[in-house]
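Close look at the chain arrangement
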Amino acid sequence: MANYTDNEMMAISAGRFIKDGDILFAGTGVSMLAATVAKKVYAPKAVVFFETGGIDPSLEEIPMAVADLRVMSGTCLNSGLIEAFSIVGHRKLHTVAFLGAAQIDKYGNLNTTVIGDYHRPKTRFSGSGGACDVASFASGVITFIQHEKRRFVERLDYITSLGWYKGGNSRRELGLQRGGAMAVVTNLGVMKFDETTRAMYLAEYYPGITIARIIENTGFAIDVSRAIESVPPSEEELRILREEVDPQKLML
Amino acid sequence: MSGYPEIADKLMSVDEAVKRFIKDGCQLAIGGFTVTRNPMAMVYGIVRQGIKDIHLVCHSNGQALDVLIGAGCVKRVEIAYGGNGRFAPTCIRFKKAIQKGEVEFEDYSNYQMSLRFLAGALGIPFITTKSGLGTDIINLEGFSRKIRKEQKVASQKLIVMQNPFNDADDKVVLLPALNPDVSLIHAQYVGEDGTVRIKGLTFADIEQAQSADVVIVTCEEIVPRSFIRSDPDQNSLPPFFVDAIVKVPYGAHPTACYAFYDYDPKHLNLYKKAAEDDNLFKQYLDEWVFGVTSHDAYLDKVGGATLMNIKANPVLGYAPGLDRK
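Notes on the structure follow. (Residues numbered from 1 in each chain as written. Chains lettered and ligands numbered in written order. Predicted model: local features only at pLDDT ≥ 70, side-chain atom pairs only at ≥ 80, totals over all residues. Heavy atoms only, no water.)

Some thoughts on the overall build of chain A
Broken down by element type, chain A carries seven helices and 14 strands. If one aligns the C-alpha atoms of chain A with their principal axes, the spans along those axes are about 45 × 45 × 35 Å. Here chain A holds 252 residues, and the buried ones make up 64% of them. A separation of at least 24 residues holds for 65% of the contacts in chain A among residues at least 6 apart in sequence. Split by element, the accessible area of chain A, about 9,300 Å² in all, is 51% carbon and sulfur. Measuring between centres, the 27 positive side-chain charges of chain A sit 5 Å from its 29 negative side-chain charges. (Helix = DSSP H or I, 4+ residues; strand = E, 2+ residues; numbered from the N terminus. Buried < 20%, exposed > 50% of the residue type's maximum accessible area, 1.4 Å probe, protein only. Contact = heavy atoms within 4.5 Å. Areas by Shrake-Rupley, 256 points an atom, 1.4 Å probe, with all protein chains shown as cover. Lys, Arg positive; Asp, Glu negative; His and termini not counted. Charge placed at Lys NZ, Arg CZ, Asp CG, Glu CD.)

Section: the pattern of salt bridges
According to the stated counting rule, one finds 33 salt bridges over all chains in the structure shown. Note that A:Lys39 and A:Asp56 form a salt bridge whose closest N and O atoms lie 4.0 Å from each other. You can see A:Lys39 sitting in helix H2 (residues 30-42) and its partner A:Asp56 sitting in the loop between strand S3 (54-55) and strand S4 (77-78), a full 17 residues away along the chain. On the basis of relative accessibility, which here comes to 23%, the residue A:Lys39 falls in the partly exposed class. Among the ionic pairs, A:Arg70 bridges to A:Asp68, the shortest N-O distance being 2.7 Å. Three or more residues are tied together by salt bridges with common partners; here these are A:Glu61, A:Asp68, A:Arg70, B:Asp262 and B:Arg324. (Salt bridge = Lys/Arg side-chain N within 4 Å of Asp/Glu carboxyl O.)

Quick look at the interface of chain B and chain A
Residue-level contacts link 67 residues of chain B with 58 residues of chain A. In total, about 4,800 Å² of surface goes out of reach between chain B and chain A, with carbon and sulfur atoms giving 58% of it. Three residues, B:Leu201, B:Tyr318 and B:Arg324, lead the burial of chain B against chain A; their summed loss comes to 15% of the area buried on that side. For the pair chain B and chain A, the number of links is four salt bridges. With a shortest N-O distance of 2.7 Å, B:Asp262 and A:Arg70 are connected by a salt bridge. Linking chain B to chain A there are 33 residue pairs in polar contact (both at pLDDT 80 or more). Looking at the side of chain B that touches chain A, the elements that each hand over two or more residues are strand S5 (81-82), helix H4 (92-99), strand S6 (104-107), helix H5 (110-122) and helix H6 (136-139) of chain B. Among the elements that make up the side of chain B that touches chain A, the one with the highest residue count is H5(B) (six residues). The class makeup of the residues in the side of chain B that touches chain A is 29 nonpolar, 23 polar and 15 charged. (Buried area = accessible area lost by both parts, 1.4 Å probe. Polar contact = N/O pair within 3.5 Å; in protein donor to acceptor, adjacent residues only side chain to side chain. Nonpolar A, V, L, I, M, F, W, Y, C, P; charged D, E, K, R; others polar.)

Some words on the packing of H2(A) against helix H7 (residues 235-245) of chain A
Residue and element names in this part refer to chain A. Packing of H2 against H7 brings their axes to within 10 Å, and their N-to-C directions diverge by 120°. Taken together, the axes of H2 and H7 are oblique relative to one another. For the pair H2 and H7, the crossing hand works out as right-handed. Where H2 approaches H7, its residues Leu33, Thr36, Val37, Lys40, Val41 and Tyr42 are matched on the opposing element by Glu237, Ile240, Leu241, Glu244 and Val245. In terms of residue class, the contact of H2 with H7 is built from seven nonpolar, one polar and three charged. (Axes fitted to C-alpha atoms, helices over the stretch in contact; angles between N-to-C directions. Parallel < 35°, antiparallel > 145°, perpendicular 65-115°, else oblique. Left-handed = near helix turned anticlockwise from the far one by under 90°.)

Next comes the structure, spelled out in structure tokens:
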């Protein structure tokens, strides 16, 4: 079996969700790797774009921020923020957004704002940026997060970005016409959401990771009855990721 | 300054632009986005002149936000995101200031803030979206009721209401418009007629400029009228929106400026280290802001080799192969 890192497995696991024709909204960090690897390996006709407005950049070097000059180079169009968000929510497009978070709950709602009290937080994070908008508008959201009990929590300290809200049909009832949490990709496995209850369940555990370890690191009860072992990354997937996506090893 | 008769009344130095237009307590919009095109030369000017109690409004900002907050210039901030990419996923002085209760803050999202500038530009009092329904951005107000009565603070953060055009249950979010006192924009080109051209992504800079009472544009180059008018599709703002023009090459350093220079990883790492510690941060300001007498002196301090390393390839727009660790 090939050697690979957590970030490599996460990028590849997320990339496997992507289909040709998808419009991929990439955030920072691992999500940048995932969007790039998705396009180079699984869905060459997917389009990567950034909330800052860069559409389909050449990505010869990996951007380190969504406003990195590399997201505006070799694009089909450089637009503004308002146009970019109109794309995320556009009724004609199937848009998949990659987001990161500090906390997630069992319905895939995300916190990137504070730990502790909002007004006088123990830890302040960057805030929504475009995450709240994207979670409101995209056809689906794939979240990257480290699999730890303090991150997989019963109750978020702050709801920055909406997943399935309170489960069931509650997201639609709020007035959001589409979207919702599609998958959660961690350093231990891949979670999906039940079609009816919209509660998170374990879909895949990585080779070498036990289901018990995932349960132990999840701060709420999680259904593991549907879990299967992930297909490990192939030599080719790893080669593309290492040699073409991030040869400078900025994220890997 | 001579040579540009059409904009002679608008051309000025950083110090003069601060003195004339940036007042204590003003509402200030800063352009750019995280590590790109932050109007740093103006920010340093504001810090040097000791402007206080600024009410900052921005979507995603990085270095400009962090330096202004760290230097104690900011009283309150309406913001979507404070981060510097991989160099500081959460802006460090911003984070410290909020954790210590030193600034008043209100969280929105990027789209919401962009729409608020657009509403201000359009001259409408509010604008609607569906972004944020169900979140704490809707449920929690950051500003206290007490300051809601102050100038330039909306009477409510936002309002959720029924879509009046739909009989079925359908909620929308109403966001208050923004009309900042001053917008700071850093552009690549200003024509000698005053036309502004931003290359690469414009973010929400155009809406920010159009919504403000005063617009200060710092630029890399002042270019001939014939050049700026030969391809007007590329231009961003007509001359009449611009109140002050300041030529400052590398005026966004250490953030990036498309087709001119990349972000400066060395400086952003140095800043990160300094920002983590109160004493080191004070030293940083003493050394890099108060200790330099002019923008030329600042560039000399950054150093010729560094400026060459981050110089963008004019075709690609960035500096390929730059050591970005």
